[in-house]
Amino acid sequence: MIITLTSDFGYKDAFVGIMKGVIVGINPQAHIVDLSHGIPPQDIMAAALLLRHSVKYFPPGTVHVAVVDPGVGSARLPILVAGGGQYLVGPDNGVLSLVAAAEAPDCVVHLSNDAYHLPGGGKTFHGRDVFAPVAAHLSLGVAPAALGSPLDSFERITWPAPQLGDKRVRGEIVYVDGFGNLFTNIAAADLRRFAPHELTFNCRGRSIGGLADHYALVPTGSLLALVNSWGVLEIAVNNGNAQTVCGAGIGDVVEVIAS
Amino acid sequence: MIITLTSDFGYKDAFVGIMKGVIVGINPQAHIVDLSHGIPPQDIMAAALLLRHSVKYFPPGTVHVAVVDPGVGSARLPILVAGGGQYLVGPDNGVLSLVAAAEAPDCVVHLSNDAYHLPGGGKTFHGRDVFAPVAAHLSLGVAPAALGSPLDSFERITWPAPQLGDKRVRGEIVYVDGFGNLFTNIAAADLRRFAPHELTFNCRGRSIGGLADHYALVPTGSLLALVNSWGVLEIAVNNGNAQTVCGAGIGDVVEVIAS
Amino acid sequence: MIITLTSDFGYKDAFVGIMKGVIVGINPQAHIVDLSHGIPPQDIMAAALLLRHSVKYFPPGTVHVAVVDPGVGSARLPILVAGGGQYLVGPDNGVLSLVAAAEAPDCVVHLSNDAYHLPGGGKTFHGRDVFAPVAAHLSLGVAPAALGSPLDSFERITWPAPQLGDKRVRGEIVYVDGFGNLFTNIAAADLRRFAPHELTFNCRGRSIGGLADHYALVPTGSLLALVNSWGVLEIAVNNGNAQTVCGAGIGDVVEVIAS
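What this report covers is the structure whose coordinates are included nearby. (Residues numbered from 1 in each chain as written. Chains lettered and ligands numbered in written order. Predicted model: local features only at pLDDT ≥ 70, side-chain atom pairs only at ≥ 80, totals over all residues. Heavy atoms only, no water.)

### Observations regarding the relation of the copies chain C and chain B
So, step 1. Of the transformation placing chain C onto chain B, the axial shift is 0.0 Å and the rotation is 120 degrees, giving an RMSD of 0.0 Å. On this basis, the relationship between the two copies can be described by a three-fold rotation axis. Taking C-alpha positions as reference, the residue of chain C nearest the rotation axis is Tyr11(C), located at 4.9 Å.
So, step 2. The two copies present different faces, since only 3% of the interface residues in chain C are matched by interface residues at the equivalent positions in chain B. (Least-squares fit on C-alpha atoms with pLDDT ≥ 70 in both. Contact = heavy atoms within 4.5 Å.)

### Here we look at the interface of chain C and chain B
So, step 1. Facing the 34 residues of chain C at the interface are 28 residues of chain B.
So, step 2. Buried area between chain C and chain B, both sides added, is near 2,400 Å², and the carbon and sulfur share of it is 60%.
So, step 3. Together, Tyr57(C), Phe179(C) and Ser229(C) form the three largest contributors to the area buried by chain C at its contact with chain B, with a combined 26%.
So, step 4. The interface formed by chain C and chain B holds one salt bridge in total.
So, step 5. Between Lys123(B) and Asp213(C) there is a salt bridge, and its shortest N-O distance comes to 3.0 Å.
So, step 6. Counting across the interface, chain C meets chain B through 11 residue pairs in polar contact (both at pLDDT 80 or more).
So, step 7. Where the side of chain C that touches chain B is concerned, the elements lending two or more residues are strand E2 (31-36), helix H2 (44-54), strand E9 (168-176) and strand E13 (223-227) of chain C.
So, step 8. When residues of the side of chain C that touches chain B are assigned to their parent elements, the largest contribution, five residues, is made by E2(C). (Buried area = accessible area lost by both parts, 1.4 Å probe. Salt bridge = Lys/Arg side-chain N within 4 Å of Asp/Glu carboxyl O. Polar contact = N/O pair within 3.5 Å; in protein donor to acceptor, adjacent residues only side chain to side chain. Helix = DSSP H or I, 4+ residues; strand = E, 2+ residues; numbered from the N terminus.)

### Details of the interface of chain A and chain C
So, step 1. On the side of chain C, 28 residues touch chain A, which itself brings 34 residues to the contact.
So, step 2. Here chain A packs against chain C, burying approximately 2,400 Å² in sum over the two surfaces, 60% of which is carbon and sulfur.
So, step 3. Of all residues in chain A, the largest losses of buried area upon contact with chain C belong to Tyr57(A), Phe179(A) and Ser229(A), amounting jointly to 26% of the total for that side.
So, step 4. Taken together, the connections running from chain A to chain C amount to one salt bridge.
So, step 5. Between the two partners, chain A and chain C, sit 12 residue pairs in polar contact (both at pLDDT 80 or more).
So, step 6. Counting residues per element, the side of chain A that touches chain C draws most heavily on strand E2 (residues 31-36) of chain A, at five residues.
So, step 7. Within the side of chain A that touches chain C, the residues separate by chemical class into 18 nonpolar, 13 polar and three charged. (Nonpolar A, V, L, I, M, F, W, Y, C, P; charged D, E, K, R; others polar.)

### Regarding the nonpolar core
So, step 1. Residues Val65(A) and Val89(A) are the most contacted members of the largest nonpolar core, which totals 63 residues.
So, step 2. Aside from chain neighbours lying at most four places away, what touches Val65(A) is Ile3(A), Thr4(A), Leu5(A), Thr6(A), Met19(A), Val89(A), Phe131(A) and Ala135(A). (Core = buried A, V, L, I, M, F, W, Y, C linked by side-chain atoms within 4.5 Å. Buried < 20%, exposed > 50% of the residue type's maximum accessible area, 1.4 Å probe, protein only.)

### Details of the packing of helix H1 (residues 15-26) of chain C against helix H3 (residues 126-139) of chain C
Residues and elements named next belong to chain C.
So, step 1. The geometry of H1 relative to H3 is characterised by a closest axis approach of 8 Å and an angle of 35 degrees between their N-to-C directions. For the crossing formed where H1 meets H3, the hand is right-handed. Residues Ile18, Met19, Val22, Ile23 and Ile26 of H1 form the contact with H3, whose participating residues are Gly127, Arg128, Ala132, Pro133, Ala136 and His137.
So, step 2. Broken down by class, the residue content of the contact of H1 with H3 amounts to eight nonpolar, two polar and one charged. (Axes fitted to C-alpha atoms, helices over the stretch in contact; angles between N-to-C directions. Left-handed = near helix turned anticlockwise from the far one by under 90°.)

### What about the pairing of strand E11 (residues 199-203) of chain B?
Residue and element names in this part refer to chain B.
So, step 1. Burial of the side chains of E11 is restricted to one face: Leu199, Phe201 and Cys203 are buried, whereas none of Thr200 and Asn202 on the reverse face is.
So, step 2. Direction of pairing for E11 relative to strand E15 (residues 253-258): antiparallel, over a ladder of five bridges. Counted as the bridge partner of Phe201 is Val256 from E15.
So, step 3. Both E11 and strand E12 (residues 206-209) contribute to a ladder of four bridges, which runs antiparallel. Directly across from Thr200, in E12, lies its bridge partner Gly209. (Pairing = 2+ DSSP bridges.)

### Remarks on unusual backbone geometry
So, step 1. Cis geometry is found at the peptide bond from Ala195(A) to Pro196(A), where omega equals 5 degrees.
So, step 2. In this structure, Gln42(A) is a non-glycine residue whose phi angle is positive, near 65 degrees.
So, step 3. For Gln42(A), the location among the structural elements is in the loop between E2 and helix H2 (44-54).
So, step 4. Take Gln42(A): its relative accessible area is 23%, and that puts it in the partly exposed class.
So, step 5. Phi angles above zero are rare outside glycine, and Asn239(C) is one such case at about 55 degrees.
So, step 6. Relative to the assigned elements, Asn239(C) resides in the loop between strand E14 (232-237) and helix H5 (242-246).
So, step 7. Since its relative accessible area comes to 33%, Asn239(C) is described here as partly exposed.

### Side note on the side chain of Asp8(C)
So, step 1. Mapped onto the secondary structure, Asp8(C) falls in the loop between strand E1 (2-7) and H1.
So, step 2. The buried charged residue Asp8(C) lacks any salt bridge, with Arg76(C) as its nearest oppositely charged partner at 11 Å.
So, step 3. Here the side chain of Asp8(C) touches Gln42(C) through a polar contact of 2.7 Å, landing on its backbone nitrogen.
So, step 4. Setting aside its immediate chain neighbours within four residues, Asp8(C) contacts Phe179(A), His37(C), Ile39(C), Pro40(C), Pro41(C), Gln42(C), Val67(C) and Val68(C). (Lys, Arg positive; Asp, Glu negative; His and termini not counted.)

### Considerations on the packing of aromatic side chains
Residues and elements named next belong to chain B.
So, step 1. Under the counting rule described, the total for this entry stands at 24 aromatic pairs over all chains.
So, step 2. Measuring from centroid to centroid gives 5.0 Å for Tyr175 and Trp230, while their planes differ by 35 degrees, and the two rings are tilted. You can see Tyr175 sitting in strand E9 (residues 168-176) and its partner Trp230 sitting in the loop between strand E13 (223-227) and strand E14 (232-237), a full 55 residues away along the chain. There is no split in this pair, since Tyr175 and Trp230 are both buried. (Phe/Tyr/Trp six-rings, centres within 6.5 Å; stacked < 30°, edge-to-face > 60°.)

### What to know about H3(C)
All names here are of chain C.
So, step 1. Compared with an ideal rise of 1.5 Å per residue, which puts 14 residues at 20 Å, H3 spans 18 Å between its outermost C-alpha atoms and is within 8% of the ideal.
So, step 2. For H3, the principal kink sits at Ala132 and spans about 25 degrees; a proline, Pro133, occurs within the next four residues.
So, step 3. Gly141, located one to two residues past H3, shows a positive phi value of around 105 degrees. (Expected span 1.5 Å × (residues − 1). Bend = angle between axes of the 7 residues up to and from the residue.)

Shown next as structure tokens:
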């Protein structure tokens, strides 16, 4: 059984390694995959977006653990969200809420049964003390209902919706990847409705004409717009860094004009 | 069998990947877990502390390989320390010496039997040429005694002890994690003896009143003191970076006053 | 079966995790090893060098996937190069061409059979849509010839050759590792032919006398020259960073004088 891990723990410390120790101590056959541990500290939205666009590439029955958890030890609950053949485990702070399956889950469970937690755990590292052991037990076939009490709802965060006009879309940058590519909240479908009109993309005072379908279609160092691997509009630079070139970041407006 | 890897190799190069290639070439069933490869270059103490606080979360029989090894190829010996059901493999420079099991090991072995090393190895990368193949053979059940000759002692590094007074403790910062949390050498027990007195924590001219039990107990951006997942006193900032806020680093004094 | 992954995806995003999800969805028994994901963005030469010096440490039958792919979606082909008992999978941009086995491959295949690709893939992430599923199918025993049509040749990049003189060698820095060690294109054999003459090494106005066989042979902070774990001449600083100390980088000249 596969268990994925997503966190803001970075790569300096052993927090992720410790979680893996707890998991393999319970299920030596667990196949653990790191989704990312480079989430910016406490950035719940970034982790929620990564999960939204990654979970569907894993086989049914995968357990996805997300530990971006600034409220650890407070009143926020540790939860399991099951749906679409996937299990999501983490804090009830919205980090699990952008996955498609989370929109209509089969069940949501408050992870209150400490028989499935690490004995003697504390209030500062639920990744180790609650989420890792629960994920390991899930991967061994423990039923969600055994892990705690059912919940009617869970925390959801808002994906900012683009404004769709007759001849234009006004969206924003919601994620910047490690290459400096600027991911927007504008979906491929938001652009397809303009076909066959020519599109212009504006971002931070720069204008890009036409939608490319791959990076090398423009000269090295030039800006381009394309629908990327998440299926959203992305502003990029061929062989370069659009974040630096545009001086743009999360929250900046991207406008699409059809002519 | 589980093999953990800890090093200062970082994430740019393929040194860790090469070690894994050597391991799986010898034991294709080895389950390899990265503890951390983000140890600051040549920082033996940081690696020794990570091991001290991680090893206990792994099942008995795990082999822990540590490669922070500025003296590779010199007179320092490659060693195995076995104890507490765990195997520690690395250079004899102190990096293995802060693990609890290492305090009273079952055996210490100089890894002198090159039948268990990579043929044709050199003097600059014992991680690949000595420690990885030895760990793989251990995970296959080779007895420690077969790997070389017994040693009576091995290199130990000093964990700085806090000064315990009647109404105060004077300790220091020994580790800073990726969030900028400041880990001290003051254990939970050093604080418990003051109960039920109120505690004040001083660090770099800043004063914190009271011990929190989780981060979100204070407003965003505020300093707090808590006993962290290592079981030591930590100075932190809720949703922030205490290293930056306090301008503090390893070796800086942290004082606890009971009133 | 072992599958290694090498990319310039870094550690912030989930691109590598998504590739692993695709792989384990096809072959749940695949043993995936990260070689490095810290290749500088679009640096085909760095990835080609890492592969050249890593592939030989993996057991026969290993599948090595390299995704440094600025031309993804363009006319450059996705290919498989098989030889020396290893499989290399990636874009035909030279990234696979410095591995020894690639010099005389058993076969080269254009990965044109989309029955082995991810259904519904796009033109911006062949790592996910083409290379990961192909690697997974290879690891299940699918024959190279089934994956597409044979090619007569593939793209090769040039490894800069050192200039070998009677009493000197003029080479250059081709790689800088995470410690700041300066790797040159001068092989051990290029130095051995001068034995037993004394050697002097010049780099960026600094001069080093004699070849060391390990780092700790000189005082902390001092420059040294040695033949490193790649089997090439390296300029290093004991317990320090030669890149910073010398102000040197890729392309800078390193000269060896025999006297």
